[in-house]
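Geometric and topological summary
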Amino acid sequence: MNRPLPAVRLRVPTHEDAIAWHRVFDDPEVMEFYGGRPAALSVYEELTARQRRHDAERGFCLWTLLDEAGEVIGFTGAQPWRPDWGPVGEIEIGWRLGRAHWGKGYATAAAHETLERVRAAGVPEVVAMVRPGNERSVAVTRRLGMRPAESYPHPTLNESALCFRLALNTRTDNAA
């Protein structure tokens, strides 16, 4: 990416952010790699509550992502990998944006900020799990300096999930 990255702000998700996330992600294209259809508001209520706990306990979470104007445009951050398959017990970095904000550098800018925060919290390495075909997310992993690692058979889909890794004791994630 040759253009400057946009200014972003990350904050611990509020209860009200559940409504904003529900609105921003209420788009089948946004949810293509996350189950294919928009989730119920209750999913985001539980998710924002869990993220507040993660932040209080670990110093990081999936933060609400705000653009330059302070509008909620998605989330980015890190959390322990929850499923019982894949990189169990590892810290996953992730992002999700509303479609109107794709292709503008927000995910990369926010992910760089996330790496700084999880590094400061003492996390030695992060993974990113990406479904095949999600080229936007693969591109973000490349911009962060992540390397393709193993793949894991998905337990319910007829595909493998791709795992990318980045050791945080290096500074390769500063290359935009």
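Residues numbered from 1 in each chain as written. Predicted model: local features only at pLDDT ≥ 70, side-chain atom pairs only at ≥ 80, totals over all residues. Heavy atoms only, no water.

**Here's the deal with the packing of aromatic side chains**
The condition that has to hold: Two rings from Phe, Tyr or Trp (for Trp, the six-membered ring) form a pair when their centres sit within 6.5 Å of each other. Planes less than 30 degrees apart are called stacked, planes more than 60 degrees apart edge-to-face, and all others tilted. In this description a helix means any DSSP run of H or I spanning at least four residues, a strand means any run of E spanning at least two, and both kinds are numbered starting from the N terminus. Note on classification: 1.4 Å probe, protein chains only; a residue is buried when its accessible area is under 20% of the maximum for its type, exposed when over 50%, partly exposed between these limits.
If you walk through the whole model with that rule in mind, you get 4 aromatic pairs. Ring geometry for Trp21 and Phe75: centres 4.8 Å apart, planes at 55°, overall tilted. Placement of Trp21 in helix α1 (residues 15-24) and of Phe75 in strand β3 (residues 72-80) is noted, with a sequence separation of 54 residues between them. Of the two residues examined, Trp21 and Phe75, each falls in the buried class. Where Trp81 meets Trp85, the ring centres are 5.4 Å apart and the plane angle is 90°; that geometry is what we call edge-to-face. Neither residue differs from the other here; Trp81 and Trp85 are each classed as buried.

**Examining the nonpolar core**
Stated formally: To define a nonpolar core, start from buried Ala, Val, Leu, Ile, Met, Phe, Trp, Tyr and Cys residues and group those joined through side-chain atoms within 4.5 Å. Every residue pair with non-hydrogen atoms within 4.5 Å of one another is taken to be in contact.
One finds Ile93, Trp95, Val126, Leu144 and Met146 to be the most contacted residues of the largest nonpolar core, which totals 28 residues. Listed by contribution, the elements that provide at least two residues to this core are β2 (62-66), β3, β4 (91-97), α3 (106-120), β5 (125-130), α4 (135-144) and β7 (160-167). It is α3 that contributes the most residues to this core, 6 residues altogether. In contact with Ile93, not counting residues within four places along its chain, are Gly77, Ala78, Ala111, Thr114, Leu115, Val126, Val127, Ala128, Leu144 and Met146. Counting residues in each nonpolar core, the second largest holds 14 residues, with Ala18, Ala20, Val24 and Val72 among its members.

**Examining the packing of α1 against helix α2 (residues 41-58)**
Relative placement of two packed helices is described by the angle separating their axes and the distance separating the axes. Applied cut-off: Between the N-to-C directions of two axes lies an angle of 0 to 180 degrees, each axis being a line fitted to C-alpha atoms and, for a helix, fitted only over the stretch in contact. Angles below 35 degrees are treated as roughly parallel, those above 145 as roughly antiparallel, those between 65 and 115 as roughly perpendicular, and all remaining angles as oblique. Left-handed describes a crossing whose near helix is turned anticlockwise from the far helix through less than a right angle; right-handed describes the clockwise counterpart. Throughout, the ten residues Ala, Val, Leu, Ile, Met, Phe, Trp, Tyr, Cys and Pro are labelled nonpolar, Asp, Glu, Lys and Arg are labelled charged, and all others, Gly among them, are labelled polar.
Orientation of α1 relative to α2, taken along the N-to-C sense of each, is 135°, at an axis distance of 8 Å. One finds that α1 runs oblique with respect to α2. The hand of the α1/α2 crossing is right-handed. Contact residues: α1 offers His15, Asp17, Ala18, Ile19, Trp21 and His22, while α2 offers Leu41, Tyr44, Glu45, Leu47, Thr48 and Arg52. Each residue belonging to the contact of α1 with α2 can be placed in one class, and the counts come to 6 nonpolar, 3 polar and 3 charged.

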